[in-house]
Amino acid sequence: MTQEEARLVWRDPSRPVADRVADLLARMTPEEKVAQLGSVWMGAAADGNGVAPMQDQFSAERPALDDLIRHGIGQLTRVYGSRPVPPAVGAAGLAGLQARIMAASRFGIPAVAHEECLTGFAAWSATIYPTPLAWGASFDPGLVGEMARAIGAAMHACGVHQGLAPVLDVMRDARWGRTEETIGEDPYLVSVIGTAYVIGLQSAGVHATLKHFAGYSASRAGRNMAPVEMGPREFADVILPPFEMAIRLGGARSVMPSYTDVDGVPATADPGLLGATLRETLGFGGVVVSDYHAVSFLELQHAVAGSPGAAAALALTAGVDVELPRVRCYGEPLRAAVAAGDVAPEILDRAVGRVLTQKCELGLLDPGWSPVPGPPEQDLDPPASRALARRLAEESVILLSNAAGALPLAHAAAVAVVGPLADDPLACFGCYTMPRHLGGRHQPEALTGVETVTVLDALRTELPGVRHARGCDVRSAERSGFAAAVAAARAADVVVAVVGDEAGLFGRGTSGEGCDATELRLPGVQEDLLHALADTGTPVVAVLITGRPYAIGGVAGRLAGLVQAFFPGEEGGPAIAGVLSGRVVPSGKLPVEMPGSAAGQPSSYLRSRLAAGHAGSSVDPAPLFAFGHGLSYTTFSHQDLVISAAEMPTDGVIEISCTVRNTGSLPGAEVVQLYLSDPVAQVVRPVRWLAGFARVELEPGQVRRVGFRLHADRTAFCGLTGERIVEPGEIGVCLGGSSDCLPLRGSFTLTGPSRITGPGRELEARVSVGP
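Let me sum up the structure you'll find in this document.

What counts and how
- Residues numbered from 1 in each chain as written.
- Predicted model: local features only at pLDDT ≥ 70, side-chain atom pairs only at ≥ 80, totals over all residues.
- Heavy atoms only, no water.
- Core = buried A, V, L, I, M, F, W, Y, C linked by side-chain atoms within 4.5 Å.
- Buried < 20%, exposed > 50% of the residue type's maximum accessible area, 1.4 Å probe, protein only.
- Phe/Tyr/Trp six-rings, centres within 6.5 Å; stacked < 30°, edge-to-face > 60°.
- Helix = DSSP H or I, 4+ residues; strand = E, 2+ residues; numbered from the N terminus.
- Lys NZ or Arg CZ within 6 Å of the ring centre and 35° of its normal.
- Salt bridge = Lys/Arg side-chain N within 4 Å of Asp/Glu carboxyl O.
- Disulfide = S-S within 2.5 Å.

Formed by 202 residues in total, the largest nonpolar core has its most connected members in F121, Y197, F213, Y330 and L580. Within the second largest apolar cluster, 42 residues are counted, among which are L133, L544, L590 and F625.

Scanning all chains against the criterion turns up 13 aromatic pairs. Each ring, one from F139 and one from F693, has its centre 5.2 Å from the other, and the planes form 85 degrees; the classification is edge-to-face. On the criterion of sequence distance, the pair formed by F139 in the loop between α7 (132-138) and α8 (141-157) and F693 in strand β22 (residues 689-698) is long-range, its members being 554 residues apart. Just as F139 is buried, F693 falls in that class too. Between Y188 and F693, the ring centres sit 6.2 Å apart and the planes meet at 75 degrees, which makes this aromatic pair edge-to-face. Of this pair, Y188 sits in helix α9 (residues 187-203) while F693 is found in strand β22, placing the two residues 505 residues apart along the sequence. For Y188, a relative accessible area of 7% corresponds to the buried category. For F693, a relative accessible area of 7% translates into the label buried. The rings of F139, Y188, Y605, F627, Y675 and F693 are connected pair by pair, giving a single aromatic cluster. Taking NZ or CZ as reference, R685 lies 4.6 Å from the ring centre of W689, over its face.

Time to look at the pattern of salt bridges. Summed over all chains, the structure comprises 43 salt bridges. Note that E116 and K211 form a salt bridge whose closest N and O atoms lie 3.2 Å from each other. Pair noted here: E116 is in the loop between β3 (112-115) and α7 and K211 is in strand β5 (residues 207-213), with a separation of 95 residues, a long-range link. Residue classification places K211 among the buried positions, given a relative accessible area of 3%. The shortest N-O distance in the salt bridge between D528 and R479 comes to 2.7 Å.

A few words on the state of the cysteines. Tallying each qualifying case throughout the model produces 0 disulfides. Not engaged in a disulfide, the cysteine C741 finds its nearest cysteine sulfur in C734; these two sulfurs lie 11 Å apart.

As structure tokens, this is what we get:
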């Protein structure tokens, strides 16, 4: 540190962050302040094949870089993820941009570099992990946390400071294309897994960004960005809890509001949502960044602002601190609004203070800061990361059915491997992977960027008698390949049909952002292919590689076996093949129920009595496979339920435990699931809800005791007054291996007065797994 820097409070790492920020803020002009709220995106596509809504339109408006950064800039957008470049080239480009930014402005403040990281660091040749719906299927927050630490370490070494993940939207309608990005349909599962991701990523020095706050997944008819119509109780009890846990227990440092409007108010312009709810109720103290172009959408899509300046004023006042992915409203239009008095100086200072606090926490204001902390040459897909990807992929594969023991496949069997995804190297990649993001513009060099093994090739390494016929494409109605597939099936002992989704963006796929579905039928003619294969009489095992659950009740009864994998990443092919061959004992559980038919959709396992099938309606939304369902090649028993007390006060704690035994001949993992129910409440409640879970590894014959320490707050709900309460009365207890297979049942009674839970309420069940 130079003598001059030593005299500057904001340059002194030994001083409190608040003092440093106040000192720097006091020295800045309005132009320099506004600059810290903007961003720049170099290399964004303008050809209609973008990765953000209306990207081509906004790319045409891009001003010169020197004009954008002359007073500084807040963030750099996707330096690594906008094109397929080697890590060393990306690092050099980032270092060069940071040098230009620091040299252009009076204070030399670097920019926060952000990148996508939903399925791994979105950089060319970086490990591609399973999609979040697969995280949920693993029911393994510890492993998800390990994955997030590895992702964060790679990003930090490459000079990236903020990751745009995790997605904490609770799935409400499987027709929504972004279902694959969600962790599941249960708010507690999403909370625990999502918080583990936040803690892991931030332990590596990269700020996590919670998205999309809030209600995005409940858009009307499952259409991306469509309006949300939701009552305050559903919003409080289903949508908000994952954000609350990730903030209070995970310490999340950034939040991204949703594109949608809730009851006519866009999230990006909602001071109640971004102020009272996010900061006061949930206790958030970090930076709010807009979703890409969302500030402009206040003018161009929502029509609640008449100009870029008016949009900027609305968003900034509501609590959006940074405009992403590039400056449009938070540049000259915002400066003019500040000068005209349309934006109060304290509102500007509030946002700039948050941005500078983030930069201070990340070390960007420290003397000697380096734009790329790691070595120039980075292996972004090292063996340790691939091993993590494989473990998570294996844990996430779900065995849904196994009629007459068709699985695992006999080693000597003649196997016909059929289907459009069997030999597709991109089959296991979700929409936020680099190949799916960029493949449309950079094929063939952007095919994968990492080593992949297809399901077909992986099966050939496991089994000797494998032949292949494609059968059909994912999206096409063409059936010319059926004949060869049927012939292969007739000549085989068993058929493995690998069908499902093709991830993409904005209509360039069947699953992913902007790839919504009108019905939950397998895309194209894939279900017809399954019927044609079943007609041969050869046993058919279907493998679904998808981004959402599909209604396959029309064909499921004709299948000898059914396996579900939610875009399991670069190691997905070997993981699926391992389950089919028996090398891997399946342990995944459904994080979303599988509908029996498209009737009654959208539906959720969190249904009340009248939301289920009943005599007053001809439509029964009962699932084909329930939330939490998943079979194994071994068997488990659940016994010896103990509830520590018959009664507990409405502010008390109770212990609930059981034993789980591996009663089969193979080692395996069981997910012990604890559900509660509220037989009589002042408002309508779900029949049951997940209150805790534990993934337990067991050798054959091994017995372990699983305990849940449950605070009364875990029974709380949004009552008649709109406040979250714990209400006296009976609470039902169920434990087992699936939401529809709960052999252990009991109850306890909450006693005393109704109690309003405050901001410090207990959010999680404490789990213990003993010998």
